[in-house]
Amino acid sequence: MFVITENIKDFLNLQKLAYVATVSHDGRPNISPKGTVIGWDSETLAFADIRSPDTMRNLKDHPDVEINVIDPLSRKGFLFQGKASIVEDESVYAKILNHYRQNGVKSKINSIVLVAVSNVSDVTSPLYDVGISEEEIRSKWQKHFANL
């Protein structure tokens, strides 16, 4: 198991958009945006099923997932791989639900998914490969978003 560090947990708390990839029963990929991915403990991520019928259906057949979380300004982040399970233990569900409520999640939560992380990879923009600094990349994307 990979250890989810406090730095990674802080990154996940700061970034409010992740993409969860699953596979359907007939082998089709499904990517679903999630605004609730958290580092639950040192080996496990969690996310809430708020409006994810395809993701939840896919996880019942194929628990393998990948989760991609990227800082849109620095173009750095993480790719997590693991096996997902839908929380059935009422006390665990209540603890995670309480965490979401205390952190401002107001949407109806249909279920909660835990992901036992087996691997994590750093993700960085190819711009870093050609010597562009993080400050330059951040500046570029801040200007881009400011002009939208």
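Given the structure is predicted, the values throughout are model-derived calculations rather than measurements.

S.K.: Honestly, the overall build of the protein chain in this entry has me stumped. Any pointers?
M.R.: The helix and strand tally for the protein chain stands at four helices and seven strands. By the compact-globule yardstick of 15 Å for 148 residues, the protein chain fits well, its C-alpha radius of gyration being 16 Å. In terms of overall dimensions, the protein chain has C-alpha extents of about 50 × 35 × 35 Å along its principal axes. Looking at the protein chain as a whole, 36% of its 148 residues are labelled buried. Accessible surface, the protein chain as shown: approximately 8,900 Å² in total, 52% of it carbon and sulfur. In the protein chain, which carries 17 positive and 19 negative side-chain charges, the distance between the mean positions of the two groups comes to 8 Å.

S.K.: Can you help me understand unusual backbone geometry in this one?
M.R.: Leaving glycine aside, a negative phi is the common case for residues, and trans is the common case for peptide bonds. Phi is positive for Arg-75, which is not a glycine, with a value near 60°. You can call Arg-75 partly exposed: its relative accessible area is 23%.

S.K.: What should I look at first to understand helix 1 (residues 6–14) in this one?
M.R.: Residues spaced three or four apart along an α-helix face the same direction, because each turn holds 3.6 residues. Turning to helix 1, its buried residues number three or more, namely Ile-8, Lys-9, Phe-11 and Leu-12. Projected down its long axis, helix 1 carries its buried residues within an arc of 160°, all on one side. Facing away from the buried surface of helix 1 by more than 90 degrees, the exposed residues are Glu-6, Asn-7 and Leu-14. Looking at the packing, one finds that the buried side of helix 1 touches strand 3 (38–41), strand 4 (44–49), strand 5 (64–71) and strand 6 (76–86).

S.K.: What exactly am I supposed to notice about the packing of aromatic side chains here?
M.R.: In this description, a pair of aromatic rings is defined by centroid distance and the angle of the planes. Tallied over the entire structure, the rule returns three aromatic pairs. Their ring planes at 85° and their centres at 5.3 Å tell us that Phe-11 and Phe-78 sit as a pair that is edge-to-face. Placement of the pair is Phe-11 in helix 1 and Phe-78 in strand 6, with a sequence separation of 67 residues. With respect to class, Phe-11 is no different from Phe-78; both count as buried. Ring centres of Trp-141 and Phe-145 lie 6.2 Å apart, and the angle between their planes is 40°; this geometry places the pair in the tilted category. Of the two residues, Trp-141 and Phe-145 are both situated in helix 4 (residues 134–146); the distance of four residues between them amounts to about one turn of the helix.

S.K.: In this structure, what is going on with the environment of Asn-147? I would like to understand it.
M.R.: Structurally, Asn-147 is set in the segment after helix 4. In this structure the C-alpha to C-alpha distance between Asn-147 and Ser-24, which are 123 residues apart in sequence, comes to 38 Å.

S.K.: How should the sheet that holds strand 3 be read in this particular structure?
M.R.: Hydrogen bonds between backbone atoms are what pair the strands of a sheet, whose relative direction is either parallel or antiparallel. In spatial order, the strands read 2-1-5-6-7-4-3; together these seven strands make up an open sheet with antiparallel pairing. Among the strands making up the open sheet, the edge pair consists of strand 2 (29–34) and strand 3. Taken over all neighbouring pairs, the strand axes of this sheet differ in orientation by 35° on average, direction set aside. In this structure, strand 1 (residues 18–23) lies alongside strand 5, joined through four bridges in antiparallel fashion. If you follow Ala-18 over to strand 5, its bridge partner there is Val-69. Where helix 3 (residues 90–102) meets the sheet, it contacts strand 3, strand 4 and strand 7 (111–124), and its direction lies at approximately 60° from that of strand 7.

S.K.: I'm lost on the side chain of Ser-111 in this one. Help?
M.R.: Mapped onto the elements, Ser-111 comes out in strand 7. Not counting residues within four places of it along the chain, the set of residues in contact with Ser-111 comprises Phe-47, Ala-48, Asp-49, Met-56, Ile-86 and Tyr-93.

How each quantity is defined
Residues numbered from 1 in each chain as written. Predicted model: local features only at pLDDT ≥ 70, side-chain atom pairs only at ≥ 80, totals over all residues. Heavy atoms only, no water. Helix = DSSP H or I, 4+ residues; strand = E, 2+ residues; numbered from the N terminus. Rg over C-alpha atoms; globule rule 2.2 N^0.38 Å. Buried < 20%, exposed > 50% of the residue type's maximum accessible area, 1.4 Å probe, protein only. Areas by Shrake-Rupley, 256 points an atom, 1.4 Å probe, with all protein chains shown as cover. Lys, Arg positive; Asp, Glu negative; His and termini not counted. Charge placed at Lys NZ, Arg CZ, Asp CG, Glu CD. Arc of directions from axis to C-beta. Contact = heavy atoms within 4.5 Å. Phe/Tyr/Trp six-rings, centres within 6.5 Å; stacked < 30°, edge-to-face > 60°. Pairing = 2+ DSSP bridges. Axes fitted to C-alpha atoms, helices over the stretch in contact; angles between N-to-C directions.

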